[in-house]
Amino acid sequence: LSICSRTVEPLEYYRRFLKENCRPDGRELGEFRTTTVNIGKCLCSITTADSSALVKLGNTTVICGVKAELAAPAADSANKGYIVPNVELLSLCAERFRSGPPGEEAQAASQFIADVIENSQMIVKEDLCIANGKLAWVLYCDIICLDYDGNLLDASVFALLAALKNVQLPSVSINEETGLSEVNLKQKNPLIIRKHPVATSFAVFDDTLLIVDPTAEEEDLATGTVTIVTDEEGRLCSVHKPGGSPLTGAKLQDCITRAITRHKEVKKLIDKVIKSITPK
C-alpha cells in the first residue's frame, strides 16, 4: 500500500486494512497501544505539585499535576471541599492547537474530567472538609497534553487517577484560641480514593465497525467516537458520545464489556507502579 494513497485517499487506505481486521500501525481492531505510567519522583515530576503522573498511550503523552490548597468551603456546601480539573492542549503538542485561551476541545475535555470525578465518586467532596463551614481542601488537577496523537480522554483519566493515588495531605487542625489553621507537615495521610474510574475510547468506522484506542488520524477519519468509563466493580460511570454515528444497544454493550476488561489491565498497571514507589 503506497504512501501516496494514504495521503490522497486516507479513508480508502484505512478501509483496505480494516477489511483484513488490522490497522496501518499493525494493531488489531481491539488492540490498545503500549501504555506506560510514571508517578511522583520521576523524570516527569512537577516539583511545585504535591503529586504528578505522566501517562503515555502510544505517542499520546499527558502529564497531570495535583496541587492541594486550603480554602473556606462554599456557603451552600459547608461540609465539602473542591476539585478543580483543567485540561490544557498546548500548541507544542500538535499543529492543530494554538496558543491562547483554551479552545473548544480543551474545554470539552475539562468538562468530561469533571463529570467523571462527579459520576464515579472517585473522591467524595465531604472527605476534603477539615472543619465544617470553616476550612477545606481544594485539589487543583492540571492535565497537560505534551504530545497529541488521539485518545486524549483515556490518557487524561489515567494520569489523573495515577496522580491522585500518590497525594499525601498534611494533618490540619484549627486552633480554637486563635481561630487559625495549623498544618503539621510531618504527619501526612493519603488522599481517600473511593473509586478507580478508567476510560476506554472507541472510534466508529462506516457507522458499524469499532476500533479501540484511536490515533489522531483514526479519529479524524471516523464517523463517530464513544468513551466508556467504568470502575473496579464493573459499574458504568459515564458514556461520552459527542455526536456522530448512532450505536446499537448490542454495539454499546460490546464497548462496555471491552471497557471492563481494559479497566483490569489499567488497574493492574497502576497498582504495580504504586507498589514500586511505596516505601518498604
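Everything numeric here is computed off the predicted structure, so don't read it as measured data. (Residues numbered from 1 in each chain as written. Predicted model: local features only at pLDDT ≥ 70, side-chain atom pairs only at ≥ 80, totals over all residues. Heavy atoms only, no water.)

**Here we look at helix H3 (residues 104-120)**
For step 1, the next point in the chain: Its 17 residues give H3 an end-to-end C-alpha distance of 24 Å, which sits within 8% of 24 Å, the value for a rise of 1.5 Å per residue.
For step 2, the next point in the chain: Listing the buried residues of H3 in full gives Ala106, Ala109, Ser110, Phe112, Ile113, Val116, Ile117 and Ser120. Take H3 and look down its axis: the buried residues cluster within an arc of 160 degrees, on one side only.
For step 3, the next point in the chain: The elements touched by buried residues of H3 are strand S4 (82-89), strand S6 (135-147), helix H4 (152-165), strand S9 (198-205), strand S11 (224-230) and strand S12 (236-240). (Helix = DSSP H or I, 4+ residues; strand = E, 2+ residues; numbered from the N terminus. Expected span 1.5 Å × (residues − 1). Buried < 20%, exposed > 50% of the residue type's maximum accessible area, 1.4 Å probe, protein only. Arc of directions from axis to C-beta. Contact = heavy atoms within 4.5 Å.)

**Let's talk about the UniProt feature "domain: Exoribonuclease phosphorolytic" (unreviewed entry) in the chain**
For step 1, the next point in the chain: In this structure's numbering, the residues bearing the UniProt feature "domain: Exoribonuclease phosphorolytic" (unreviewed entry) are residues 31-170 and 197-260.
For step 2, the next point in the chain: With 28% helix and 38% strand, the stretch residues 197-260 has end C-alpha atoms that lie 10 Å from each other. (UniProt positions renumbered as here; feature names shortened; annotations may be inferred.)

**Considering helix H2 (residues 10-18)**
For step 1, the next point in the chain: Taken together, the buried positions of H2 are Tyr13, Tyr14, Phe17 and Leu18. For H2, the arc enclosing every buried residue in end-on projection is 135 degrees, short of the 170-degree limit, so these residues lie on one face.

**Some words on the packing of aromatic side chains**
For step 1, the next point in the chain: In this structure the tally under the stated criterion is 4 aromatic pairs.
For step 2, the next point in the chain: Considering the side-chain rings of Tyr14 and Phe205, the 6.0 Å spacing of their centres and the 15 degrees angle between planes classify their relative orientation as stacked. Separated by 191 residues along the polypeptide, Tyr14 in helix H2 and Phe205 in strand S9 bring together distant segments of the chain. Here Tyr14 matches Phe205 in class, with each residue buried. (Phe/Tyr/Trp six-rings, centres within 6.5 Å; stacked < 30°, edge-to-face > 60°.)

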